[in-house]
Amino acid sequence: MTMAEAVERFVPDGSSVAMGLALEPLIPFAAGHEIIRQRRRNLTLIGPISDILFDQLLGAGCVAKIAAAWVGNVSEGLGYNYRRATEQGLPHPITVEDHSNYSIALALLAGGLGVPYVPMRSLLGSDIARDHPAIRPHDSPLDGTPTLLVSALRPDVAIIHVQRADAAGRAHVWGGLGVCEEAALASHGVIYTAEEIVPAAVILSDPNRVLAPGKKTLAVVHAPGGAHPSPVQGYYNRDHAYFAEYHERSRTPDDFATWLREQVLDVPDRAAYLERLGAERWQALARRAPLLAAPVDYGV
Amino acid sequence: MTMAEAVERFVPDGSSVAMGLALEPLIPFAAGHEIIRQRRRNLTLIGPISDILFDQLLGAGCVAKIAAAWVGNVSEGLGYNYRRATEQGLPHPITVEDHSNYSIALALLAGGLGVPYVPMRSLLGSDIARDHPAIRPHDSPLDGTPTLLVSALRPDVAIIHVQRADAAGRAHVWGGLGVCEEAALASHGVIYTAEEIVPAAVILSDPNRVLAPGKKTLAVVHAPGGAHPSPVQGYYNRDHAYFAEYHERSRTPDDFATWLREQVLDVPDRAAYLERLGAERWQALARRAPLLAAPVDYGV
Amino acid sequence: MAQHATPDYTPQELMVVCAAREIHDGEVVFVGMRLPLLAFALAKRTHAPNAVGLFENGLVRDTPSSELLLTMGDAPNIAGAEWATRTGALMGLLAQGFANLGFVGGAEVDRFGNLNTSYIGDRAHPKVKLPGSGGGADIASLSGRLAIILAHEKKRFPEHVSYVTSPGYGDGGDWRARVGLPRGGPAAVIKTRAVLGFTADTHEMELRTWHPGSSAEDARANTGWDLRIAPDAHETPLPTADELRIIRECDPQGFWTR
Amino acid sequence: MAQHATPDYTPQELMVVCAAREIHDGEVVFVGMRLPLLAFALAKRTHAPNAVGLFENGLVRDTPSSELLLTMGDAPNIAGAEWATRTGALMGLLAQGFANLGFVGGAEVDRFGNLNTSYIGDRAHPKVKLPGSGGGADIASLSGRLAIILAHEKKRFPEHVSYVTSPGYGDGGDWRARVGLPRGGPAAVIKTRAVLGFTADTHEMELRTWHPGSSAEDARANTGWDLRIAPDAHETPLPTADELRIIRECDPQGFWTR
């Protein structure tokens, strides 16, 4: 399926969308940019540390609500669009549901377990938990231990960038996993954007590496380079300079509008995006040397 | 570390011990037999489907309590020692804490999350949950959903048979995983018995395949064939006939005593056990053909 | 259809055929062990090529295992699986409502489909201690529909089981909703001599089909209460030659089917 | 010791040295990002070779990364890790009490070590919306000890933070136990000009050492309340030449330390 078709069919206005689930790596920027190009509105974004993708979606006016632990630019600091949305209501006001990395992980875990909540001993005494619509204090009925109950989150869709997937919707992902698995299991469906589409036999050769069963999958999109500027273990490294450039070029609404046109709106798809980035820059990010996992034998 | 030393140091009388955590495969029979030889007493056994290892420990008089979902002989049916212990108090009465596979998984999950319980929507209306010391009905304070709260289990030690481990206590395990991870994280410490001891570089080449961090590890024991008659993916298949033989030879206390002497008490260690089994039988179980996982590149 | 009926089959083979018929195409099926394993393979190769199988050790397969299994953890069941995960992660999907159908076996089942696999007699001093739930009680609690498989002996069909391991419809009617179960309940009980269903309102067991050589009266005589007969009850359709061929390809030694 | 002190260092380098000194050998350390990454590498190569590092994206490392990291998710941090798991599984260990020490940074910290990384000003209409907790609030809630790292500016040291993202000692004394936190609390605040600790009973911040070129008075003048001075307060020991050499090997461009 093409990226345009996947977003068109499975990310309608008003959706709750989980992205950036491996924290800094594997961020589905290609999918996010297509969401911006299709001018989606009133999305709820769900993720732990979103890095600059959420900031871009905010600036583009796609977002009504964010449930996240951290929104900004990991290597540079603040996210200007996030600041404008929360401090000045620009381009429009948004609702923020603050989480920590653990509470968002547990909210998705609870969703995946089909239960209304999971108890937690983190954030006791933190203002994050005060007046929170989805976190409530409740001492353990078993032993009186003070806990916070973290409500289940069940996103409409999780968009996960992976190293490889097959046409039947099974994906291999490796490296830092963050909350990818929790989100895939909690969501009503998953869109995988993949560096490579491989034969089913490749995926089935290592079932422990598969993130979630194929029945959870809505779409598989072939999107080489689809996580740039975030890294994909074994494929390419993080483009640190891109994050710094974005920081500089999103300081004002006008600056951001120019950046958005140049980097997203006037770019039809990811192939064009990589072409724009330039072969030299893209090749400089490429994985420099292989580092293969030791062989694993599933033989009978 | 030798098996004898690991059991001597880390499985004292009265311990709670989680075993058989991958369900039918990777059952640490070699460790269990050493526990029997060292005449451990008053153990609490924790596991999902224990297959015949728990039945053997019961018959040998090592056990005070069992918290499990299923105790018997998976391919043959009932476990005679389990029946004698529960029906007649032979060799002595035991306490049984009934679970389902999911409730034992959630009890260990709660232990690993450091919370007193996790809520569950399974077993509502089942007599398993009635008057259960570790499962209590409690409607969700968030939305009134009826749930059962499953108390956290934190075993003193989990004994896990794995394909390979390094001297620093990190293990690779693959195949059906059952509750291995939950148990490793929930337990105060882990003993790995491994088909192979490998250099650290082999383990570190695939960090997603590692079960738990080395700081959780109490001991690593080199125990080739240590899971026989249960299977080890990529190494050897299940010895179905052995389970049938055990079934026949454990029908009466006298039969079992004979079996125990021959198969456990008079066998000094696993090498002697495999020798007794015979090279022909052992080789017939060996993995017939390799089936390698597709390469995974962690390169930078 | 080019398939021809044949009378040359064992009771277990007919049970496998009846179990396979409970699987609809495209469904997610909690398979478990023994006869349902063969039923899943049979359904995949006949009317339900897109069914997916779940196993409580954390496996999902969209193809049946290439070899006969004695346990779900046998190496051939892992090789070629599409997902090998933690029991807890898989059961979480079940709790969400991921499985359309689940199979369980048991020692005794009662009028409202409650299943006992734990204690015959008093729990504190049981006459027989059975192995317990395994994943059975979870499958019965959480699947969209439940199919129960067991031998047809009168002692296995008491009006009330002495211990409810896997909840059926409790004492009938809306009991499942009352105790908070999110969905489900038994849809079929597949026995050596008959297949039973449940009435839509009271959720009481009723005879749906009797196997060739048996009869409605035989089924009633081997049941511990006054068994209802469904209005459209009839003889169980015979296995086809194709169905039997596939079962025998899957279990050539007849380990489970003879 | 054969190490020789040298005055040629940046404030960030001294902060790295002070942070490394908080790590004891054999400890499990929640590392996070920026300066603590360098502190972990420095400690591993000097006095704490058996320390283990945790990262909230689900990593455990017993060796520092071979390359400078800008984020914990950079590919060199995954290569050679001893465990790469789910954030939830790793944080669960933290909740059990697995981490002896955790590092966090922040925008402002108050008299009792409470840290704000969320909202400057009113939460509904913030003057500045900061990025939020990330894993910081979890590390502060659950680690055995907490080390806080931030620049020494008076506006960053109000008597009370406007929003408690990462709980310190609340309003002092046994506040953590009262709100139910299982353990922990800040042990050190490492600033550009001083290192502070906390009194054993009231858990109020107190000056422990001032960096060369600063003074107790300077620290007090740059703090938003009447800062206590520890009875044994003294000048911060200088970085050794070895310490500086290692830091510069780890950050040759001075990305984090210049």
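Up top you'll find the structure we're talking about.
Residues numbered from 1 in each chain as written. Chains lettered and ligands numbered in written order. Predicted model: local features only at pLDDT ≥ 70, side-chain atom pairs only at ≥ 80, totals over all residues. Heavy atoms only, no water.

**Things to note about the nonpolar core**
Spelled out, the test is: Working definition of a nonpolar core: buried Ala, Val, Leu, Ile, Met, Phe, Trp, Tyr and Cys residues. They are joined through side-chain atoms within 4.5 Å. Each residue's exposure class comes from its accessible area (1.4 Å probe, protein chains only) as a fraction of the maximum for that residue type: buried when under 20%, exposed when over 50%, partly exposed otherwise. When checking whether two residues touch, look at their non-hydrogen atoms; a contact exists if any pair is within 4.5 Å.
Membership of the largest hydrophobic core comes to 240 residues, with the highest contact counts inside it found for Ile160(A), Tyr192(A), Ile160(B), Tyr192(B), Val189(C) and Val189(D). Setting aside anything within four residues of it in sequence, one finds Ile160(B) in contact with Leu21(B), Cys180(B), Ala184(B), Val190(B), Ile191(B), Tyr192(B), Thr193(B) and Leu211(B). Grouped together as the second largest cluster of nonpolar side chains are 49 residues, Val31(D), Leu37(D), Leu42(D) and Phe103(D) included.

**Side note on the relation of the copies chain A and chain B**
Inclusion rule: We place the copies in one frame by least squares, fitting the C-alpha atoms of every residue whose pLDDT is at least 70 in both.
Placing chain A over chain B gives an RMSD of 0.0 Å and needs a rotation angle of 180°, together with 0.0 Å of translation along the axis. The transformation relating the two chain copies, once decomposed into turn and shift, fits a two-fold axis. In terms of C-alpha distance to the rotation axis, chain A has Val118(A) as its closest residue, with the C-alpha 3.0 Å off the axis. Of the interface residues in chain A, 100% have counterparts in chain B that sit at the interface too, so the contact is made through matching surfaces.

**Regarding the sheet that holds strand 4 (residues 83-84) of chain D**
In sheet architecture, strand pairing relies on hydrogen bonds along the backbone and comes in two forms, parallel and antiparallel. Residue and element names in this part refer to chain D. Basically, it comes down to this: We call two strands paired when DSSP finds no fewer than two bridges between them. Secondary structure elements are defined from DSSP: runs of H or I of at least 4 residues count as helices, runs of E of at least 2 residues count as strands, and each element is numbered from the N terminus.
Read across the sheet, 10 strands follow the order 4-3-2-1-5-10-11-12-13-14 without closing on themselves; strand pairing throughout is mixed. Single-partner strands in this sheet number two, and they are strand 4 and strand 14 (228-235). Sheet analysis places strand 10 (residues 145-150) next to strand 11 (residues 186-191), joined by five bridges and oriented parallel. In the sheet register, Ala-147 faces strand 11, and the bridge partner there is Ala-188.

**Brief notes about the pairing of strand 14 of chain D**
Residues and elements named next belong to chain D. To keep it simple, the criterion reads: For crossovers, right-handed means that the path from the first strand over the helix to the second runs clockwise, given strands pointing away from the viewer.
Relative to strand 14, strand 13 (residues 205-210) is paired through four bridges, and the arrangement is parallel. Counted as the bridge partner of Glu-206 is Arg-228 from strand 14. With respect to chirality, the unit in which strand 13 leads through helix 7 (residues 216-221) into the neighbouring parallel strand 14 is right-handed.

**With respect to the packing of aromatic side chains**
Let me state the cut-off plainly: A pair of Phe, Tyr and Trp rings is counted when the ring centres sit within 6.5 Å of each other, with Trp represented by its six-membered ring. The angle between the planes then sorts it: under 30 degrees is stacked, over 60 is edge-to-face, the rest tilted. Two conditions define a charge sitting above a ring: the NZ of Lys or the CZ of Arg must be within 6 Å of the ring centre, and it must be within 35 degrees of the ring normal.
Applying the stated rule across the entire model yields 20 aromatic pairs over all chains. Between Tyr236(A) and Trp282(A), the aromatic rings sit 4.6 Å apart at their centres with planes inclined by 55°, giving tilted as the arrangement. With Tyr236(A) in the loop between strand 11 (217-222) and helix 8 (240-249) and Trp282(A) in helix 11 (residues 279-285), this residue pair connects regions lying 46 residues apart in the sequence. Look at Tyr236(A) and you get buried, because its relative accessible area is 4%. Connected via pairs of aromatic rings, a cluster forms that spans Tyr242(A), Tyr246(A), Phe256(A), Trp259(A) and Tyr273(A). Lying over the aromatic face of Tyr119(C), Lys129(C) brings its terminal NZ or CZ to 4.4 Å of the ring centre.

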